[in-house]
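Geometric and topological summary
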Amino acid sequence: MADEWQDPYDFAVEVAKIAGKIIRRAAEEEIKVNTKSCTVDLVTATDVRVEKIIIGAIKEKFGEDTHCFIGEESAAAKGPSVLTDKPTWIIDPVDGTTNFVHGFPFVAVSIAFAVNKELEFGVVYSCFEDKLYKARKGKGAYCDDEKIEVSDIKDIHKSVVISEFGTNRNVDVVTEICATMKRILLIPVHGIRGTGTAATNMCMVACGAVEAFFEIGIHCWDVAAGAVIVQEAGGVLLDVDGGPFDLMSRRMMSANNRTIADRVIKEIKIFPAERDDGK
Ligand SMILES: O=P([O-])([O-])O[C@@H]1[C@@H](O)[C@H](O)[C@@H](O)[C@H](O)[C@@H]1O
Ligand SMILES: [Mg+2]
């Protein structure tokens with residue numbers, strides 16, 4: 001049987017690199033900053049423009065109405081992002097927008113593709129590092145065509161954990177996030193890191209640079225591509241309460257193995273985040 005998703009996969013790699021080039025060029029010009037859900041949830045004309053270019057290129061290649069789209073910048077205007085069984089592209093055109101605005105060089109184009117609500121492939125292009133991470137379901141994970149695998153560390157005391165503070169500035173939420181980070185540090189772990197982009201954080205798990213990345217408050221477009229890359233690199237994906245990973249839940253735990261995941265989960269104080277699909 002013809003491999004019907006190879007063509008969209010190859011195209012996702014191609015268009016991610018084109019998008020990354022546009023982002024690099026835009027970073028050399030003055031960046032006009034707007035805000036979305038709050039004063040620190042930033043968006044720029046580049047976010048919107050790159051998403052339009054990616055979706056336009058996909059429609060031109062595969063047909064105007066062949067596929068569905070969930071994109072970070074168009075989602076806001078459409079209300080809840082409902083994932084159906086139809087072939088769906090899940091796109092974050094500029095993951096790490098705050099980094100892009102500040103010139104902090106971790107900005108990723110994240111493109112995932114799901115069919116029957118199953119993620120088929122994920123592509124994450126870290127455009128200032130010029131590193132392209134990719135994975136197709138059942139076919140392994142790669143960084144610039146070199147196979148990548150999660151680390152084999154099982155001892156939490158020898159681990160590095162990634163998490164992010166996100167954009168929620170509610171004092172109770174910030175207090176919980178900081179308390180969780182403190183509990184993890186005091187295990188102790190070797191360190192806590194964060195690149196400022198969920199997609200890149202997940203690629204750090206996938207290539208064995210860190211042992212776990214979790215966050216409450218991310219969106220489906222932040223983590224869909226990274227989820228395939230982590231899984232295909234031999235990692236685990238869970239809810240932050242240890243249950244099954246739920247792409248639309250706005251919370252996620254990714255780790256090199258279940259032992260590390262469960263140990264970090266013990267320290268996470270969960271706070272509510274409205275689901276992407278509004279359910
Ligand atoms: O908004 P964006 O740069 O595409 O996505 C970012 C996420 O990748 C990151 O994990 C989160 O901590 C940030 O608050 C922001 O949401
Ligand atoms: Mg994002």
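Residues numbered from 1 in each chain as written. Chains lettered and ligands numbered in written order. Predicted model: local features only at pLDDT ≥ 70, side-chain atom pairs only at ≥ 80, totals over all residues. Heavy atoms only, no water.

The chain is annotated in an unreviewed UniProt entry as Inositol-1-monophosphatase from Sphaeramia orbicularis. Of the comments in the UniProt record for the chain, the one headed Pathway (unreviewed entry) reads "Polyol metabolism; myo-inositol biosynthesis; myo-inositol from D-glucose 6-phosphate: step 2/2." (UniProt positions renumbered as here; feature names shortened; annotations may be inferred.)

Examining helix 1 (residues 6-26)
An ideal rise of 1.5 Å per residue puts 30 Å on 21 residues; helix 1 measures up with 30 Å between its terminal C-alpha atoms. In this structure, the buried side of helix 1 is in contact with helix 2 (45-62), strand 4 (88-95), helix 4 (97-102), strand 5 (108-115), strand 6 (118-126) and strand 7 (131-136). (Helix = DSSP H or I, 4+ residues; strand = E, 2+ residues; numbered from the N terminus. Expected span 1.5 Å × (residues − 1). Contact = heavy atoms within 4.5 Å.)

Details of the coordination of the magnesium ion (ligand 2)
Ligation of the magnesium ion (ligand 2) by protein atoms is provided by D92 (OD), D95 (OD) and D222 (OD), these donors lying 1.8 to 2.2 Å from the ion. For the magnesium ion (ligand 2), all donor residues lie on one chain, and their spacing in sequence is D-x2-D-x126-D. Residue classification places D95 among the buried positions, given a relative accessible area of 6%. (Donors = N, O, S within 2.8 Å, 3.2 Å for Na, K, Ca; no water. Buried < 20%, exposed > 50% of the residue type's maximum accessible area, 1.4 Å probe, protein only.)

Describing the site of ligand 1
For ligand 1, the set of nearby residues contains 15 residues, the closest of which are D95, G96, T97, A198 and E215. One of the backbone nitrogen or oxygen atoms of G96 is found 2.7 Å away from an oxygen atom of ligand 1. One of the side-chain nitrogen or oxygen atoms of E215 is found 2.6 Å away from an oxygen atom of ligand 1. Isolated, ligand 1 exposes 380 Å² of accessible area, and the fraction of that covered by the protein chains is 90%. For the shell around ligand 1, the element with the most residues is strand 4, which contributes three residues. For the shell around ligand 1, a count of residues per class yields three nonpolar, six polar and six charged. (Near = heavy atom within 4 Å. Polar contact = N/O pair within 3.5 Å; in protein donor to acceptor, adjacent residues only side chain to side chain. Areas by Shrake-Rupley, 256 points an atom, 1.4 Å probe, with all protein chains shown as cover. Nonpolar A, V, L, I, M, F, W, Y, C, P; charged D, E, K, R; others polar.)

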